[in-house]
Amino acid sequence: MLKDNYYACSWCWARLLMDISVKIGKRTVQRGPRSSVGVKKFLLGLNRDLDAIKRSVLFNSNYYFISQASLPPQEGNFLPIEISVLYLEDRRFFLHRGAEFRSIARGVKRYVKGNGFGGISTIDQQVVRISVARYERTVSRKAREILLAIFLNFHLTKRDIFSYYLNNAYLGHRMSGCEEAANLIFNMRADKLDQDQAAFIASLFPLPFPRSVWETYSKMGFYPLSDPYEIISFAEAIAPRWAKRVRNRMNLAMSAYDFSPKSL
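Reference entry: report on the structure contained in this document. Since the model is a prediction, treat every value here as computed from it, not as a measurement.

**Points about the overall build of the protein chain**
Counting its regular elements, the protein chain contains 12 helices and 2 strands. When the helices and strands of the protein chain are placed in sequence order, the string is α-α-α-α-α-α-α-β-β-α-α-α-α-α. Counting all 264 residues of the protein chain, 46% fall into the buried class.

In structure tokens form, the structure reads like this:
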């Protein structure tokens, strides 16, 4: 009964967001036959995007080995990199259905205080953004993104969605996904990272590795370093603001390893 109520609630939110997105995207459409054409066009576009996202996520799940990824979408114990990413990016990922409405409330609160309206996206929504490659900062785009994230949860498993995010998120210059980042920064497989290294890679999701730091770091005689704190110290002379923010975020991630992801 509780599960049925939960799905009903998710559908109500989806319908509300659909109405908002249609109204914002079709402000100039007047009532009558043209309005129904606008709605149909919107729904067809939504369905095309959903099919494209599903194909991308399922291809990643079924053929991840082609890119030599070491993080398959399998059930079981979580690796350090997975725990770090969940802790920093979306602690309730396995508990919500694509939209975390308490985070939206926090975003509104931050906006009212003048701190900007950000940090409300779930991992599901970021998967939508990566797959459809739409990054414009508009309310209609965000409403559409939330809708697609909710619908995606009715078609794919959470593990498949999470695996796609780990293997495709932009983490810095020449780095797409944890596997490439771990290989280029530490010359290691992502599933072999220790807790410090995993926390560093997880910190790159909102703070990608700068090109200026990478080009200098990769040409140094001591490359690659195994200690992420040494990399941060090295980067302080090139990108001090980035280095400070990554250090703070990495220290936060280090507190994640005593918890189980589903209870974060």
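From this point, the narrative continues.
**What to know about the nonpolar core**
Residues Val127, Leu171, Ile185, Phe200, Ile201, Phe209 and Trp242 are the most contacted members of the largest nonpolar core, which totals 63 residues. When residues no more than four places from it in sequence are discounted, the contact partners of phenylalanine 200 are Ile185, Phe186, Phe209, Pro228, Ile231, Ile232, Trp242, Val246 and Met250.

**What to know about the environment of serine 218**
Its place among the elements puts serine 218 in the loop between α10 (211–217) and α11 (228–235). Take serine 218: its relative accessible area is 23%, and that puts it in the partly exposed class. It is 8.5 Å that separates the C-alpha atoms of serine 218 and leucine 184, two residues lying 34 residues apart in sequence. Of note is the side chain of serine 218, whose polar atom sits 3.4 Å from the backbone oxygen of glutamate 215.

**A few points about the packing of helix α5 (residues 123–132) against helix α7 (residues 158–168)**
One way to put it is that α5 packs onto α7 with a least axis distance of 10 Å and a crossing angle of 55°. When the axis of α5 is compared with that of α7, the two are oblique. In the crossing of α5 with α7, the sense of the turn from one axis to the other is left-handed. Here Ile123, Asp124, Gln126, Val127, Ile130 and Ser131 of α5 lie close against α7, whose contacting residues are Lys158, Ile161, Phe162, Tyr164, Tyr165 and Asn168. Among the residues making up the contact of α5 with α7, the classes are represented as 7 nonpolar, 3 polar and 2 charged.

**A few points about the packing of aromatic side chains**
Summed over all chains, the structure comprises 14 aromatic pairs. Judged by centre distance (5.7 Å) and plane angle (65°), the rings of phenylalanine 78 and phenylalanine 94 are edge-to-face. Here phenylalanine 78, found in the loop between α2 (33–63) and α3 (80–89), pairs with phenylalanine 94, found in the loop between α3 and α4 (101–112); they are 16 residues apart in sequence, far enough to count as distant. A network of ring pairs unites the aromatic residues Phe186, Phe200, Phe209, Trp214, Tyr217, Phe222, Tyr223, Phe234 and Trp242 as a single cluster. Sitting over the face of the ring of phenylalanine 154, arginine 97 holds its NZ or CZ atom 5.4 Å from the ring centroid.

**Regarding the packing of α11 against helix α12 (residues 240–253)**
Where α11 contacts α12, the two axes come as close as 8 Å, and the packing angle between them is 155°. Taken together, α11 and α12 sit at an angle that is classed as roughly antiparallel. As for how α11 packs across α12, the hand of that crossing is left-handed. Contact residues: α11 offers Pro228, Tyr229, Ile232, Ser233 and Ala235, while α12 offers Pro240, Trp242, Ala243, Val246, Arg247, Met250 and Asn251. Taken together, the residues that form the contact of α11 with α12 break down as 9 nonpolar, 2 polar and 1 charged.

**What to know about the pattern of salt bridges**
With the rule as written, the count across this model stands at 10 salt bridges. One salt bridge in this structure joins aspartate 49 and arginine 144, with 3.1 Å as the shortest N-O distance. One end of the pair, aspartate 49, is in helix α2; the other, arginine 144, is in helix α6 (residues 139–152), with 95 residues separating them in the sequence. By relative accessible area, which is 10% here, aspartate 49 ends up buried. Given a relative accessible area of 16%, arginine 144 falls into the buried group. Between glutamate 100 and arginine 92 there is a salt bridge; the shortest N-O distance is 2.4 Å.

Conventions used here
- Residues numbered from 1 in each chain as written.
- Predicted model: local features only at pLDDT ≥ 70, side-chain atom pairs only at ≥ 80, totals over all residues.
- Heavy atoms only, no water.
- Helix = DSSP H or I, 4+ residues; strand = E, 2+ residues; numbered from the N terminus.
- Buried < 20%, exposed > 50% of the residue type's maximum accessible area, 1.4 Å probe, protein only.
- Core = buried A, V, L, I, M, F, W, Y, C linked by side-chain atoms within 4.5 Å.
- Contact = heavy atoms within 4.5 Å.
- Polar contact = N/O pair within 3.5 Å; in protein donor to acceptor, adjacent residues only side chain to side chain.
- Axes fitted to C-alpha atoms, helices over the stretch in contact; angles between N-to-C directions.
- Parallel < 35°, antiparallel > 145°, perpendicular 65-115°, else oblique.
- Left-handed = near helix turned anticlockwise from the far one by under 90°.
- Nonpolar A, V, L, I, M, F, W, Y, C, P; charged D, E, K, R; others polar.
- Phe/Tyr/Trp six-rings, centres within 6.5 Å; stacked < 30°, edge-to-face > 60°.
- Lys NZ or Arg CZ within 6 Å of the ring centre and 35° of its normal.
- Salt bridge = Lys/Arg side-chain N within 4 Å of Asp/Glu carboxyl O.

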